[in-house]
Amino acid sequence: MDKGSQKFYITTPIYYVNARPHVGHAYTTLVCDAIARRKRMLGFDTYFLTGTDEHGQKIERSAVAAGMTPKQFADEVSGLFRSLFEKMNISNDDFIRTTESRHKAGAQELFRRLQANGHIYKGKYTGQYCVFDELYVDAAGPGAPCPECGRPTETVSEENYYFKLSAFADQLLAHYQQNPGFIRPETRRNEVIAFVKSGLRDLSISRSTFKWGIPVPGDPKHVMYVWLDALINYCSAIGLGSKDEAEQKKFEHYWPADVHMIGKEIIRFHCVYWPAFLMAAGLPLPRSVVAHGWLLFEENKMSKSRGNIVRAETVIDVMGNDALRYFLLREVVFGHDGSFSFDALVQRYNSDLANDLGNLSSRTLTMINRYFNGSVPYPSPTVARKATDDVIKEHALKVIQEFGELFDDFQFSRALETAWSLVGDVNKYLVDEEPWIVAEKEGEENKARLATILYTAAEALRIVTALAHPMLPESTAKIWNQLGLGEISKFNLAELKWAQLPLGGKLGKVEPVFPRADKTSIERMQQMEQERAAQAASTATSSAATAPAQAGQPATQAAHGPTDAAPPAKAAPPVQAAAVADGKISIDDFMKVELRVGMVKVAEKVKGADKLLRLEVDIGTEVRQLVAGIALAYKPEDLIGRKVVIVANLQPRKLRGLESNGMIVAASVGEDGKPVLAGFLEDVPIGAKLK
Ligand code: ME8
């Protein structure tokens, strides 16, 4: 198959401009960057899109609070995202802003198609709205907290345009069924299926009480619902709604997207609303929506509103781009939540990059310089060969195969692990074969042996370098140059095999690629973050003082300017450090435990475990799988539909091979500790937070 003719279109979410970018945004973007770079190296005609989401009530209010017009505000923060991505050397082909005219054209075009196909009607919505999540919260009563984020919702009563979402449930379920790869990973797919099966309501897709949005075609009193507006970016960026023929062709060529990469909190928008809009508009659906987990910092989701963010710039300035990329791709098991910490970052960098790859590269290339005058040595096919040479070759061939399969299955951590197993083996091979001792011996045979050892090591180094390039673009480009091989991104990865290193080729200038990091690197990063947070806190205080009060908006939100309204990074100490001598914990520590109301959707016995039940519990934002030791006290069928309390932010753990994502709260009664589930006398909405 001619891969050159095959297109590949990948997108990140477009990021809200109410907050400065942090490592969480950098994560999604660099994962997509690595995928896009690999696809290009494999010869795919690749298009990689990122951008900013600039409309809606949340942005309008943040702008007012910062004393700016929404457009000025959006320009400033969108610019911060753009410059971060430049600094990160992100290889995006396009950056879309929803305030651009090309986006307005695409959004209005899609709205018109929905209307023309009879999927839109006008109706009155009276209910709760969460401005923070830009989400209609139908289930909640007046003043109720948002099930997604726990913030107070606002009552809105407006005449709106409605989208007939309810009519698409069967088509959506059929699509999930027929396209098992549409939602990845599998656990997320199950959540979406459960959500759709629980019933879909029609969706309000316009707002008339504020102006910061794209006017509804033919009825400019209304602006389009910000999520409808935002999702369309994936089409408008590549030409939907354009009058220009080349742009229209571009849309025909690249749509549908191959991968929409997102964080797990916006699955519903991408896997339910977006495909339904596309079906209704008569457009093909994206091939896959891939959801990753969250980056946690000090055990919580890194987010501006929690004030526990780390800026990517800090890490890049002190450790370099590739250190950040390697850490996030290697340390986070893709799809799961992962913890970010400066200590772990430095440790990983030193062990895998400075030690393993750095040593392999510098000792191999330095010896080729010293013993072969900087020319790649000729290994003899017959003289002085050993079985160990072939072991390295076979291992390298296996790594080429496995790395590709794992990477293309989004298992980045395992892909790197595989490649680094080769690095480890070659380092060991060098220690065992002792080329520095062989070099001191006289005779042709020893010379041939030395050539074979160094050629084998250099060839394995070349293979790891080529494979790792999409993940570590800067440092691998340097190693590639040192190997005398020119422009690495032009290398055809599809052709990668053993023995491609040109014999006699001249090495480039050999220099260390990964200088060791130490404690001072950690201290510098911590200090930079503290300074940033202190500055942000003072800006936030002053902007809160000058910002006009917003109806129904908590003061903390009014303070959100384009700077991070974040307390100093050190302000939230780890749980253990905060525990006081008499065993009491502070209210802050208690607030770290996220207790939520959930509804049991599925309950079944776990095979071979008398006490365990496997539950699927809807907690408003998602359906969680839990494994609970309550099988002796409750029959599965009695639990379905029951509201329970769960600890929602526990680290996942495995029980009998099943991942348990949270804990169900129960009293432990009597001598045998019989569990009695916590519940409520009044009705409570799913997802409500306990505090
Ligand atoms: O949701 N860990 O924008 P947003 C991992 N505008 N990823 C994180 C993260 C964290 N702690 N924090 C943020 C929006 N992200 C909408 C999207 S798309 C049509 C509209 C990443 O600024 C992750 O990809 O809140 C998440 O989904 C995205 O940023 C949310 O960015």
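Residues numbered from 1 in each chain as written. Predicted model: local features only at pLDDT ≥ 70, side-chain atom pairs only at ≥ 80, totals over all residues. Heavy atoms only, no water.

### Focus on the overall build of the chain
1) Next: When helices and strands are tallied, the chain shows 23 helices and 26 strands.
2) Next: In terms of overall size, the chain behaves like a compact globule, its C-alpha atoms giving a radius of gyration of 28 Å where 691 residues would be expected to give roughly 26 Å.
3) Next: Across its three principal axes, the chain shows a C-alpha extent of roughly 90 × 75 × 55 Å.
4) Next: Burial analysis of the chain (691 residues in total) assigns 56% to the buried set.
5) Next: Counting only contacts in the chain whose residues sit at least 6 apart along the sequence, the fraction spanning at least 24 positions is 74%.
6) Next: Taken as two groups, the 82 positive and 84 negative side-chain charges of the chain have centres that lie 2 Å from each other. (Helix = DSSP H or I, 4+ residues; strand = E, 2+ residues; numbered from the N terminus. Rg over C-alpha atoms; globule rule 2.2 N^0.38 Å. Buried < 20%, exposed > 50% of the residue type's maximum accessible area, 1.4 Å probe, protein only. Contact = heavy atoms within 4.5 Å. Lys, Arg positive; Asp, Glu negative; His and termini not counted. Charge placed at Lys NZ, Arg CZ, Asp CG, Glu CD.)

### Examining the packing of aromatic side chains
1) Next: Using the criterion set out here, one finds 33 aromatic pairs in the structure.
2) Next: Ring centres of Phe340 and Phe342 lie 5.8 Å apart, and the angle between their planes is 85°; on these two criteria the pair is classed as edge-to-face. Taken individually, Phe340 and Phe342 each receive the classification buried, so the pair is uniform in this respect.
3) Next: Considering the side-chain rings of Phe410 and Phe412, the 6.3 Å spacing of their centres and the 85° angle between planes classify their relative orientation as edge-to-face.
4) Next: Overall, Phe410 belongs to the buried group, its relative accessible area being 10%.
5) Next: These aromatic residues form a ring-pair network of at least three members: Tyr9, Tyr47, Tyr234, Phe251, Tyr254, Trp255 and Trp274.
6) Next: Over the ring of Phe407 we find Arg38, and its NZ or CZ is 5.2 Å from the ring centre.
7) Next: The lysine or arginine in question, Lys447, covers the ring of Phe372, its NZ or CZ lying 4.8 Å from the ring centre. (Phe/Tyr/Trp six-rings, centres within 6.5 Å; stacked < 30°, edge-to-face > 60°. Lys NZ or Arg CZ within 6 Å of the ring centre and 35° of its normal.)

### Points about the pairing of strand S18 (residues 609-618)
1) Next: Counting buried residues in S18 gives eight out of ten residues, a clear majority hidden from the surface.
2) Next: Of the pairings in the sheet, the one linking strand S17 (residues 595-606) to S18 comprises seven bridges and is antiparallel in character. In the strand pairing of S18, Val602 is matched with Glu616.
3) Next: The hairpin turn running from S17 into S18, its antiparallel successor, is two residues long, and Gly608 in that turn takes a positive phi close to 75°.
4) Next: Here S18 pairs with strand S19 (residues 623-628) via six bridges, running antiparallel. Of the residues in S19, the one forming a bridge with Glu616 is Gln625.
5) Next: Two successive antiparallel strands, S18 and S19, enclose a turn made up of four residues, where Gly620 displays a positive phi of approximately 90°. (Pairing = 2+ DSSP bridges.)

### Let's talk about the site of the ligand
1) Next: Close to the ligand lie 24 residues; Ile14, Thr28, Asp53, Glu265 and Leu295 are nearest.
2) Next: Taking Glu265, its side chain carries an N or O atom lying 2.8 Å from an oxygen atom of the ligand.
3) Next: Within the backbone of Leu295, a nitrogen or oxygen atom sits 2.7 Å from a nitrogen atom of the ligand.
4) Next: Alone, the ligand offers 670 Å² of accessible surface; in the complex the protein occludes 94% of this.
5) Next: Where the shell around the ligand is concerned, the elements lending two or more residues are strand S1 (7-16), helix H1 (23-41), helix H7 (226-231) and helix H8 (233-236).
6) Next: Considering every element that reaches the shell around the ligand, the biggest residue donor is S1, with four residues. (Near = heavy atom within 4 Å. Polar contact = N/O pair within 3.5 Å; in protein donor to acceptor, adjacent residues only side chain to side chain. Areas by Shrake-Rupley, 256 points an atom, 1.4 Å probe, with all protein chains shown as cover.)

### As for empty space enclosed by the protein
1) Next: If you walk through the whole model with that rule in mind, you get four cavities of 30 Å³ or more.
2) Next: In this structure, the largest cavity occupies an estimated 170 Å³ of space.
3) Next: Around the largest cavity sit 16 residues that line it, and Phe195, Ile267, Arg268, Thr621 and Glu622 are the ones nearest its centre.
4) Next: Mapped onto the lining of the largest cavity, the elements with two or more residues apiece are helix H6 (186-197) and helix H10 (267-281).
5) Next: It is H10 that contributes the most residues to the lining of the largest cavity, four residues altogether.
6) Next: Considering only residue class, the lining of the largest cavity consists of seven nonpolar, two polar and seven charged.
7) Next: Each of domain 1 (7-296) and domain 3 (595-690) gives at least three residues to the lining of the largest cavity. (1 Å grid on protein atoms, 1.4 Å probe; cavity = no way out; pocket = protein on both sides within 12 Å on 5 of 7 lines; lining within 4 Å. Points joined across faces, edges and corners; volume = space filled by probe spheres on them. Nonpolar A, V, L, I, M, F, W, Y, C, P; charged D, E, K, R; others polar. Domains from an automatic or database assignment.)

### Focus on the packing of helix H12 (residues 321-331) against helix H15 (residues 412-433)
A packed helix pair is summarised by two numbers, namely the angle formed by the two axes and the spacing between the axes.
1) Next: H15 packs onto H12 with a crossing angle of 105° between their chain directions and a minimal axis gap of 6 Å. It follows that H12 is roughly perpendicular to H15 by the angle criterion. When H12 is examined against H15, the residues Tyr326, Leu329 and Arg330 are found in contact with a partner set consisting of Phe412, Ser413, Leu416, Glu417 and Trp420.
2) Next: Looking at side-chain class alone, the contact of H12 with H15 contains five nonpolar, one polar and two charged residues. (Axes fitted to C-alpha atoms, helices over the stretch in contact; angles between N-to-C directions. Parallel < 35°, antiparallel > 145°, perpendicular 65-115°, else oblique.)

### Brief notes about the confidence of the model for the chain
A low pLDDT means the predicted coordinates there should not be read in detail.
1) Next: Averaged over all residues, the pLDDT of the chain is 89; the fraction at 70 or higher stands at 90%.
2) Next: When the criterion is pLDDT under 50, residues 540-581 qualifies, and its contacts beyond four places in sequence or with other chains add up to 67 contacts. (pLDDT = per-residue confidence, 0-100.)

### Remarks on the side chain of Glu529
1) Next: Mapping Glu529 onto the fold places it in helix H19 (residues 519-546).
2) Next: According to the relative accessible area criterion, Glu529 is buried, its value standing at 1%.
3) Next: Among the polar contacts made by the side chain of Glu529, one reaches the side chain of Thr314 at a distance of 2.5 Å.

### So, the sheet that holds strand S10 (residues 215-216)
1) Next: Pairing is antiparallel in the open sheet, where three strands are placed in the order S9-S11-S10. What marks the edges here is a single partner per strand, and that holds for strand S9 (206-207) and S10.
2) Next: Here S10 runs beside strand S11 (residues 219-224); their pairing, made up of two bridges, is antiparallel. Directly across from Pro215, in S11, lies its bridge partner Val223.

### Looking at helix H18 (residues 473-482)
1) Next: The set of residues buried in H18 consists of Pro473, Ser475, Thr476, Ile479, Trp480 and Gln482.
2) Next: Downstream of H18 by a residue or two, Gly484 has a phi angle that is positive, lying close to 80°.

### Focus: the pattern of salt bridges
1) Next: As enumerated under the stated definition, the model contains 43 salt bridges in all.
2) Next: With a shortest N-O distance of 3.0 Å, Asp258 and Arg287 are connected by a salt bridge. Here Asp258, found in the loop between helix H9 (245-254) and strand S12 (259-263), pairs with Arg287, found in the loop between H10 and strand S13 (289-292); they are 29 residues apart in sequence, far enough to count as distant.
3) Next: A salt bridge links Arg624 to Glu622; the nearest nitrogen and oxygen atoms lie 3.2 Å apart.
4) Next: According to the relative accessible area criterion, Arg624 is buried, its value standing at 11%. (Salt bridge = Lys/Arg side-chain N within 4 Å of Asp/Glu carboxyl O.)

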